[in-house]
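Fold and contact review
The primary structure of each chain is shown beneath.
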Amino acid sequence: MDIDLLLPDVLRKLENLVRTGTIAEVRHELPGALVRVQIGKNVTDWRPYHELRAGNTRTWNPPTVGEQVTLLSPGGDLAGALVIGGIHQNDHPAPSTDPNKTVTVYPDGATVSYDHAAHALAITLPAGGTADITVPDRITVHCTTADVTASDSATVHSQQITLDAPQTTTTGHLTVMGLTTMLGGFSASGASAVPGAQSVGRMSIPLLSTREIETTSTVSADTDVRSGPISLRTHPHDKVQQGTDLSGLPQ
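The structure reproduced in this document is the subject of the present report. Predicted model only: the values in this text are computed from it and were never measured.

**Some details on the overall build of the protein chain**
- The helix and strand inventory of the protein chain stands at 1 helix and 11 strands.
- The order of α-helices and β-strands along the protein chain, N terminus first, is α-β-β-β-β-β-β-β-β-β-β-β.
- The buried share of the protein chain, reckoned over its 251 residues, is 11%.
- Considering only contacts within the protein chain whose residues lie at least 6 apart along the sequence, 30% involve residues at least 24 apart.

Dropping the structure here:
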């Protein structure tokens, strides 16, 4: 064999063993996405790319057009090349220069960042972003303090909710649609929003107490107050006499 004819082919295959290019096209189909890579003026045929995991654990994060990649071609044949992504470039620079952080930035601007020096996890979604977590059994969260802010509204659905705390405070109005049962007692106080005015609390629900009710102020009723069958406003008295004698008990 003429060495002068063989040498150019050997040099071409050596050059093609490892090449750098950019993604020209992506085809998202099962069993896995395929890509075409542009190397200079040439574009390869459809080739598989190297995913993070592809066994019992599987990941899906295909390359995007314009991403810089490396081609590994066994025997120097680009027709059998495997595409490996993840090379930063001017058009797609690294999302961070902090050695303490691991950062993922998504096409819509969503960011997941973990700072292992500060032990801080940050997840930021763009406007209109949503998050949905489905757990069939249970979720347990342990922390020192928790702060949840919902600028519009917050709703919790459950068959039973327990607030286990020595002190629970609501800073706004509280509306209870169902029966309210108080086992440890009831205390109410407050001040009116108008300076110098007295605050007034009103209840339009039946109130049942199996213990004594005490007050150091005045109890007022718009209609009536009853003790058993005896009306405070309309009850009569027996044994009524004139003078200084006392009447009998109310009936």
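**Topic: the pattern of salt bridges**
- Evaluated as defined, the whole model comprises 2 salt bridges.
- Among the ionic pairs, Arg36 bridges to Glu25, the shortest N-O distance being 3.2 Å. Here Arg36 is found in strand S2 (residues 34-39), whereas its partner Glu25 is found in strand S1 (residues 18-27), with 11 residues between them in sequence.
- A residue is classified by how much of its surface remains accessible, and Arg36, at 24% relative accessible area, is partly exposed.
- Among the salt bridges present, the one from Arg27 reaches Glu29, with a minimum N-O distance of 3.8 Å.

**Focus: the sheet that holds strand S8 (residues 111-115)**
- The antiparallel open sheet is built from 3 strands, whose spatial order is S7-S8-S9. Both outer strands of the open sheet, strand S7 (101-105) and strand S9 (120-124), are each paired with one neighbouring strand and no more. When strand polarity is set aside, the average angle formed by the axes of neighbouring strands in this sheet is 5 degrees.
- Judged from the 5 bridges that link them, S8 and S9 form a sheet pairing that is antiparallel. Bridging across to S9, Thr111 finds its partner in Thr124.

**Some remarks on the packing of aromatic side chains**
- Within this structure, the stated rule accounts for 0 aromatic pairs.
- Directly above the aromatic system of Trp46 lies the positively charged group of Arg27, at a separation of 4.8 Å from the ring centroid.
- Here the basic side chain of Arg36 rests over the ring of Trp46, its NZ or CZ set 5.7 Å away from the ring centre.

**Focus: the pairing of S2**
- Here S2 shows a buried face lined by Val35, Val37 and Ile39 and an unburied face lined by Leu34, Arg36 and Gln38.
- Pairing of S1 with S2, which is carried by 5 bridges, proceeds in the antiparallel orientation. Counterpart to Glu25 in the pairing with S2 is Arg36.
- Here S1 hands over to S2 after 6 residues, the two strands then running antiparallel side by side.

**Describing the side chain of Thr44**
- If you trace the backbone, Thr44 turns up in the loop between strand S3 (42-43) and strand S4 (47-48).
- In this structure Thr44 touches Arg36, Val37, Ile39 and Leu71, once residues within four positions along its chain are discounted.

**Some details on the layout of surface pockets**
- The computed volume of the second largest pocket comes to approximately 1100 Å³.
- Taken together, 27 residues line the second largest pocket, and the ones lying closest to its centre are Asn61, Thr64, Glu67, Thr104 and Val105.
- Per-element accounting of the lining of the second largest pocket gives the leading share, 4 residues, to strand S6 (residues 82-87).
- Grouping the amino acids of the lining of the second largest pocket by side-chain chemistry returns 14 nonpolar, 11 polar and 2 charged.

**Remarks on the nonpolar core**
- Residues Ile23, Ala33, Val35, Val37, Ile39, Tyr49, Val69, Leu71, Ala81 and Val83 constitute the largest nonpolar core, which totals 10 residues.
- Those elements that provide at least two residues to this core are S2 and strand S5 (68-72).
- Ranked by residues supplied to this core, first place goes to S2 with 3 residues.

The rules behind the values
- Residues numbered from 1 in each chain as written.
- Predicted model: local features only at pLDDT ≥ 70, side-chain atom pairs only at ≥ 80, totals over all residues.
- Heavy atoms only, no water.
- Helix = DSSP H or I, 4+ residues; strand = E, 2+ residues; numbered from the N terminus.
- Buried < 20%, exposed > 50% of the residue type's maximum accessible area, 1.4 Å probe, protein only.
- Contact = heavy atoms within 4.5 Å.
- Salt bridge = Lys/Arg side-chain N within 4 Å of Asp/Glu carboxyl O.
- Pairing = 2+ DSSP bridges.
- Axes fitted to C-alpha atoms, helices over the stretch in contact; angles between N-to-C directions.
- Phe/Tyr/Trp six-rings, centres within 6.5 Å; stacked < 30°, edge-to-face > 60°.
- Lys NZ or Arg CZ within 6 Å of the ring centre and 35° of its normal.
- 1 Å grid on protein atoms, 1.4 Å probe; cavity = no way out; pocket = protein on both sides within 12 Å on 5 of 7 lines; lining within 4 Å.
- Points joined across faces, edges and corners; volume = space filled by probe spheres on them.
- Nonpolar A, V, L, I, M, F, W, Y, C, P; charged D, E, K, R; others polar.
- Core = buried A, V, L, I, M, F, W, Y, C linked by side-chain atoms within 4.5 Å.

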